[in-house]
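Chain and residue survey
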Amino acid sequence: MEGGTTPPLFPGEGRRRSEIAPGAVHVPDWLSAEGQRELVTACRAWATGPVPMRHTRLPRGGVMSVRTVCLGWHWKPYAYTRTADDVNGRPVAPLPDWLADLGRRAVADAYGERLPEVPGAGAYAPDTALVNFYDAQARMGMHQDREERSAAPVVSLSIGDTCVFRFGNTETRGRPYTDVELASGDLFVFGGPSRFAFHGVPRVRPGTGDPATGLAGGRLNLTLRVTGLTD
Ligand SMILES: O=C(O)CCC(=O)C(=O)O
C-alpha cells in the first residue's frame, strides 16, 4: 500500500480530527452544509471573472489538469502578482473579508490552545486564496507552497468529491508521506514545522460528492495563504 494510511475497519472510523504531522491538522466535517453551499455559489461567481478560472500553464510548456482562479493576489508559476498577466492582464478579484474571517476561525479551531505557538497563526490574516476545481481526471503533483514570504499557516477547505491528499515532508517529494482522504466540508491546516511540506492530490474519487452542495460533480478546494507581500 502507498503512503501511511490504514483503511478504516468500520464506516466512519478514521473520520476523526487528527494531526498528520507536527502542525498539520485535519478536521473532518468542519464546514456546515450551508457553508459549503455558500462557498460553491461564491466560487461560481469568481470562476467567471474578472479573471476566468483557467488551466495554469507551466514554464516548461505543461498545463495543469486542475483549473484555478485566484483572489487577492494572482499566482502563476512561481510568483504572485496583482494582475493575471498569463490570462487576461486584469486585476484579480479581491479576497473578501468574510473569507479571511473564515480562515481565521479555521486556524483557531485547528490549533486551539496551541495557537500562540504557531508562527503567524495568532492574528491570521490571509491575503490570497487559490480556488481549484478538479474534474475526475485532475491531479496535483507534489509541491511546496513557497512563493509566500510568510511562514503563516495554509488553510485548505474541500467541497464535493473526496480526494486523496498526500502530505509529505519538507525535504523531498517522496516518502515519507501520509495519504489522507479529504471529503466535502473537511478542513486541513498546515503550519509550524509542516508549513513547507510537500503535498499533492494523486486522485479524486468521482461520484462521492453530494449534489446538495451545488456541485454536480468534481471537487473544489480553496487554499488561503498569507503572501507577506506588499504592493
Ligand atoms: O487541492 C488540494 O487539496 C491542494 C491544493 C494545493 O496544494 C494548492 O493549491 O497548492
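Residues numbered from 1 in each chain as written. Predicted model: local features only at pLDDT ≥ 70, side-chain atom pairs only at ≥ 80, totals over all residues. Heavy atoms only, no water.

**Remarks on unusual backbone geometry**
Tyr78 follows Pro77 through a cis peptide bond whose omega is 5°. Within the secondary structure, Tyr78 is located in the loop between strand 5 (74–76) and strand 6 (79–81). Residues Arg175 and Pro176 are joined by a peptide bond in cis, for which omega reads 5°. In this fold, Pro176 is placed in the loop between strand 10 (163–167) and strand 11 (178–182). The phi torsion at Asp29 lies on the positive side, around 55°, for a residue other than glycine. Tracing the backbone shows Asp29 in the loop between strand 2 (24–27) and helix 1 (33–48). For Asp29, a relative accessible area of 51% corresponds to the exposed category. (Helix = DSSP H or I, 4+ residues; strand = E, 2+ residues; numbered from the N terminus. Buried < 20%, exposed > 50% of the residue type's maximum accessible area, 1.4 Å probe, protein only.)

**Details of the sheet that holds strand 14 (residues 219–225)**
Taken in spatial order, the eight strands make up an open sheet running 1-2-12-9-14-7-4-3, and their pairing is antiparallel. Strands with a single pairing partner mark the edges of an open sheet, and in this sheet they are strand 1 (18–21) and strand 3 (54–57). Each strand of the sheet is rotated relative to its neighbour by a mean of 30°, with strand direction disregarded. Strand direction decides the pairing type here: strand 9 (residues 154–160) and strand 12 (residues 187–190), joined by four bridges, are antiparallel. (Pairing = 2+ DSSP bridges. Axes fitted to C-alpha atoms, helices over the stretch in contact; angles between N-to-C directions.)

**Topic: the pattern of salt bridges**
Applying the stated criterion to the full structure yields 11 salt bridges. Where Asp186 meets Arg15, a salt bridge forms, and the shortest distance between an N and an O atom there is 2.7 Å. Taken as a pair, Asp186 in the loop between strand 11 and strand 12 and Arg15 in the segment before strand 1 lie far apart in primary sequence, 171 residues in all. For Arg15, a relative accessible area of 29% corresponds to the partly exposed category. The residue Asp179 makes a salt bridge to Arg166 at a minimum N-O spacing of 2.8 Å. Highlighted residues: Asp179 in strand 11 and Arg166 in strand 10, separated in sequence by 13 residues. (Salt bridge = Lys/Arg side-chain N within 4 Å of Asp/Glu carboxyl O.)

**Quick look at the nonpolar core**
Ranked by size, the top nonpolar core spans 39 residues in total, and within it Trp46, Leu99 and Val155 carry the most contacts. Those elements giving two or more residues to this core turn out to be strand 2, helix 1, strand 4 (63–71), helix 2 (97–111), strand 7 (128–134), strand 9, strand 12 and strand 14. With seven residues, the single largest contributor to this core is helix 2. Leave out the neighbours within four places in its chain, and Leu99 touches Leu39, Trp46, Leu71, Ala129, Leu222 and Leu224. If you look at the next biggest cluster of nonpolar residues, it comprises 24 residues, including Cys70, Met140, Ala197 and Val204. (Core = buried A, V, L, I, M, F, W, Y, C linked by side-chain atoms within 4.5 Å. Contact = heavy atoms within 4.5 Å.)

**Side note on the side chain of Arg166**
Classification of Arg166 as buried rests on a relative accessible area of 11%. Side-chain polar atoms of Arg166 contact the side chain of Asp179, separated by 2.8 Å. (Polar contact = N/O pair within 3.5 Å; in protein donor to acceptor, adjacent residues only side chain to side chain.)

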